[in-house]
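Each chain, written out:
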Amino acid sequence: MRYEIRVDGHMSETLTEAFPELDHVVMSGQTVLYGPVIDEAQLYGLLTRFQSLGLRVVEMRELPE
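This section reports on the structure supplied with the text. All values derive from a computational prediction rather than experimental measurement. (Residues numbered from 1 in each chain as written. Predicted model: local features only at pLDDT ≥ 70, side-chain atom pairs only at ≥ 80, totals over all residues. Heavy atoms only, no water.)

**Considering the side chain of Thr-31**
Then, in step 1: Mapped onto the secondary structure, Thr-31 falls in strand E3 (residues 30-36).
Then, in step 2: Exposure remark for Thr-31: the relative accessible area of 0% places this residue in the buried category.
Then, in step 3: Here the side chain of Thr-31 touches Gly-9 through a polar contact of 2.8 Å, landing on its backbone oxygen.
Then, in step 4: Apart from the residues lying within four places of it in its own chain, the contact partners of Thr-31 are Ile-5, Arg-6, Val-7, Gly-9, His-10, Met-11, His-24, Val-25 and Val-26. (Helix = DSSP H or I, 4+ residues; strand = E, 2+ residues; numbered from the N terminus. Buried < 20%, exposed > 50% of the residue type's maximum accessible area, 1.4 Å probe, protein only. Polar contact = N/O pair within 3.5 Å; in protein donor to acceptor, adjacent residues only side chain to side chain. Contact = heavy atoms within 4.5 Å.)

Spelled out as structure tokens, the structure:
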């Protein structure tokens, strides 16, 4: 599965380095991270990491293969 996760605001390079498994791009006042997610456990781990870093996820969706 591939996911796209949109975070409010521009994430610094230091913050994006906390997600080495995801690529990122900044657009329209948001940071968009995207990449493969193996299973639900990894997805929940990513969401926990966003929360612990104080980042607000505004949208998350599975991308077509």
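**A short note on the nonpolar core**
Then, in step 1: Among the nonpolar cores identified, the biggest contains twelve residues, and these are Tyr-3, Ile-5, Val-7, Met-11, Phe-19, Leu-22, Leu-33, Val-37, Leu-43, Leu-46, Phe-50 and Leu-55.
Then, in step 2: Other than its neighbours up to four places away in sequence, Leu-33 contacts Tyr-3, Glu-4, Ile-5, Val-7, Met-11, Phe-19, Leu-22, Asp-23, His-24 and Phe-50. (Core = buried A, V, L, I, M, F, W, Y, C linked by side-chain atoms within 4.5 Å.)

Scope: geometric values only; no functional claims are made or implied.
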